[in-house]
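Take a look at the letters that make up each chain.
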Amino acid sequence: MSSQNLPQSPEGPLSSEQRSEPGRKPRVAVVFGGRSSEHGISVVTAGAVMSALDRTKYNVLPIGITRDGRWVLTSDDPARMAITDRQVPDVDQLAGSARGAVALSVDPGNRDVVVGEPGSVPEVLGEVDVVFPVLHGPYGEDGTLQGFLELSGVPYVGAGVLSSAVGQDKEYMKRVFVSFGLPVGPYEVVRPREWDTDRPAARKRVMEFAAEHGWPLFVKPARGGSSMGITKVDDAAGLDEAIEEARRHDPKFLVESLLSGREIECGVLEFEDGPRASVPAEIPPVTAHDFYDFEAKYIDSAAGLVPAPLTDEQTAEVQRLAVEAFEAASCEGLVRADFFLTDDGSFVINEINTMPGFTPISMFPRMWQASGVEYPELVDRLITAALNRSTGLR
């Protein structure tokens with residue numbers, strides 16, 4: 001990796017007074033990659049965010065997390081972070097031969113980023129003003145990274161610890177939504193201990209669910225995203241294989257009934273006066289795929305309709321529900337809320353994403369662009385909101 005693209009060390013750490021000096025550019029650490037199966041999509045998202053950051057306004061520090069959990073500096077080269085020849089990028093490719101480990105202090109009074117090369121004295125790269133975490137899935141989007149940043153006293157973009165955890169775990173997300181009166185579809189949860197200690201009984205519950213709600217069913221990891229590990233199952237013959245695929249991503253899995261209707265998405269963004277909803281989008285039926293899976297979303301770039309062809313009343317209703325879901329899960333910054341508009345004309349919420357994709361084809365930035373907020377402004381609003389929000393209880 002060429003050293004000319006690596007972030008350069010400033011002249012020592014900055015005090016809180018220096019951080020607030022007029023004209024000093026805030027330093028944004030874009031953290032991406034991670035240990036989940038959504039590693040590659042996180043890299044793609046980071047590339048898009050880094051491309052959109054106004055370099056006259058912000059200093060950017062790209063920090064990648066490898067698949068085995070090591071934090072490394074990477075080159076500031078968003079062009080290398082795109083999907084190429086149907087292959088998603090990888091942090092190890094961006095880090096090249098650099099093997100130094102990056103560390104962020106857990107001392108709330110010290111925001112230094114330190115990099116250590118084997119056999120050398122650790123080098124202080126200076127302080128970080130805000131972290132933009134664009135990790136997807138476990139070990140990043142689920143409250144774990146957010147908890148670390150809270151301990152470190154470093155502001156960050158997006159949801160806090162609780163709302164990140166709720167937004168990642170589909171079981172507890174649905175439980176929260178039900179408690180707030182939001183409409184959810186039928187589902188069944190199988191936890192790891194249930195499957196490991198009495199598989200026949202757990203499978204029997206799934207079959208009883210199928211008998212009640214009918215085939216096909218969707219089997220999915222409880223704490224995953226980007227449609228990875230999800231299988232549409234048409235009959236009992238394909239159930240075991242689908243469960244094993246889901247458990248390959250998460251030992252806890254959900255079974256959901258097929259909701260006949262249209263797939264509608266809506267973005268929520270936090271403004272100075274509170275959260276607002278974007279114009280909604282519709283994911284049309286994907287003829288080349290069984291459903292809107294990972295390949296359809298990211299490899300074959302299935303396009304959504306923005307804005308969704310809805311009536312004014314339907315648009316207002318889905319926007320209301322999206323904001324209510326944002327509030328119910330105590331979210332901050334942003335959320336993409338996914339719904340089904342069922343055949344009887346009612347909306348059912350499927351899930352929320354507290355850190356939705358920011359790839360060039362992702363629905364969240366497209367919906368806000370159609371709502372009058374261009375991509376660079378969207379990124380800038382999220383960073384500004386994070387800089388103005390304290391860590392800790394709030």
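Rules used throughout
- Residues numbered from 1 in each chain as written.
- Predicted model: local features only at pLDDT ≥ 70, side-chain atom pairs only at ≥ 80, totals over all residues.
- Heavy atoms only, no water.
- UniProt positions renumbered as here; feature names shortened; annotations may be inferred.
- Helix = DSSP H or I, 4+ residues; strand = E, 2+ residues; numbered from the N terminus.
- Buried < 20%, exposed > 50% of the residue type's maximum accessible area, 1.4 Å probe, protein only.
- Contact = heavy atoms within 4.5 Å.
- Axes fitted to C-alpha atoms, helices over the stretch in contact; angles between N-to-C directions.
- Parallel < 35°, antiparallel > 145°, perpendicular 65-115°, else oblique.
- Nonpolar A, V, L, I, M, F, W, Y, C, P; charged D, E, K, R; others polar.
- Pairing = 2+ DSSP bridges.
- Polar contact = N/O pair within 3.5 Å; in protein donor to acceptor, adjacent residues only side chain to side chain.

By the naming in an unreviewed UniProt entry, the chain is D-alanine--D-alanine ligase, taken from Streptomyces pratensis. For the chain, the Sequence similarities (unreviewed entry) comment in UniProt is given as "Belongs to the D-alanine--D-alanine ligase family." Recorded under Function (unreviewed entry), the UniProt text for the chain is reproduced unchanged: "Cell wall formation."

**Student:** Got a sec to walk through the UniProt feature "binding site: Mg(2+) 1" (unreviewed entry) in the chain? Specific residues and values, please.
**Tutor:** Here the UniProt feature "binding site: Mg(2+) 1" (unreviewed entry) sits at Asp-338 and Glu-351. Positionally, Asp-338 belongs in strand 15 (residues 334-342). When its relative accessible area of 9% is taken as the criterion, Asp-338 is described as buried. Residues in contact with Asp-338, not counting those within four places in the same chain, are Ile-264, Glu-265, Val-348, Ile-349, Asn-350, Glu-351 and Asn-353. Position of Glu-351 among the secondary structure elements: in strand 16 (residues 347-353). Those residues in contact with Glu-351 that lie beyond four places of it in its chain are Lys-170, Met-173, Arg-336, Ala-337 and Asp-338.

**Student:** Which residues make up the packing of helix 2 (residues 39-52) against helix 13 (residues 375-387), and what values do they have?
**Tutor:** Orientation of helix 2 relative to helix 13, taken along the N-to-C sense of each, is 95°, at an axis distance of 9 Å. By the angle between their directions, the pair helix 2 and helix 13 is classed as roughly perpendicular. Seen from helix 2, the contacting residues are Ala-48, Val-49 and Ala-52; seen from helix 13, they are Tyr-375, Pro-376 and Val-379. Taken together, the residues of the contact of helix 2 with helix 13 sort by class into six nonpolar, no polar and no charged.

**Student:** Lay out the sheet that holds strand 10 (residues 231-233) with the relevant residues and their values.
**Tutor:** Taking strand neighbours across the sheet as the criterion, the four strands line up as 8-11-9-10 in an open arrangement whose pairing is antiparallel. Because the sheet does not close on itself, it has two edges, and the strands there are strand 8 (187-190) and strand 10. This sheet shows a mean twist of 25° between the axes of neighbouring strands, independent of strand direction. As paired strands, strand 8 and strand 11 (residues 253-257) are joined by four bridges and run antiparallel to one another. Opposite Val-189, over in strand 11, you have Leu-254 as the bridge partner. In this fold helix 8 (residues 199-213) packs onto strand 8, strand 9 (217-221) and strand 11, with an angle of close to 175° to the strand it touches most, strand 8. Its contacts with the sheet put helix 9 (residues 239-247) on strand 9, strand 10 and strand 11, and the angle it makes with strand 9 is roughly 25°.

**Student:** Describe the UniProt feature "active site" (unreviewed entry) in the chain, and please don't skip the residues or the numbers.
**Tutor:** Sites flagged by UniProt as "active site" (unreviewed entry) map to Glu-38, Ser-226 and Ser-362. Along the chain, the position of Glu-38 falls in the loop between strand 1 (27-33) and helix 2. For Glu-38, a relative accessible area of 4% puts it in the buried group. Taking the relative accessible area as the measure of exposure, Ser-362 reaches 7% and is therefore buried. Within polar-contact distance, the side chain of Ser-362 engages the backbone oxygen of Gly-357 at 3.3 Å.

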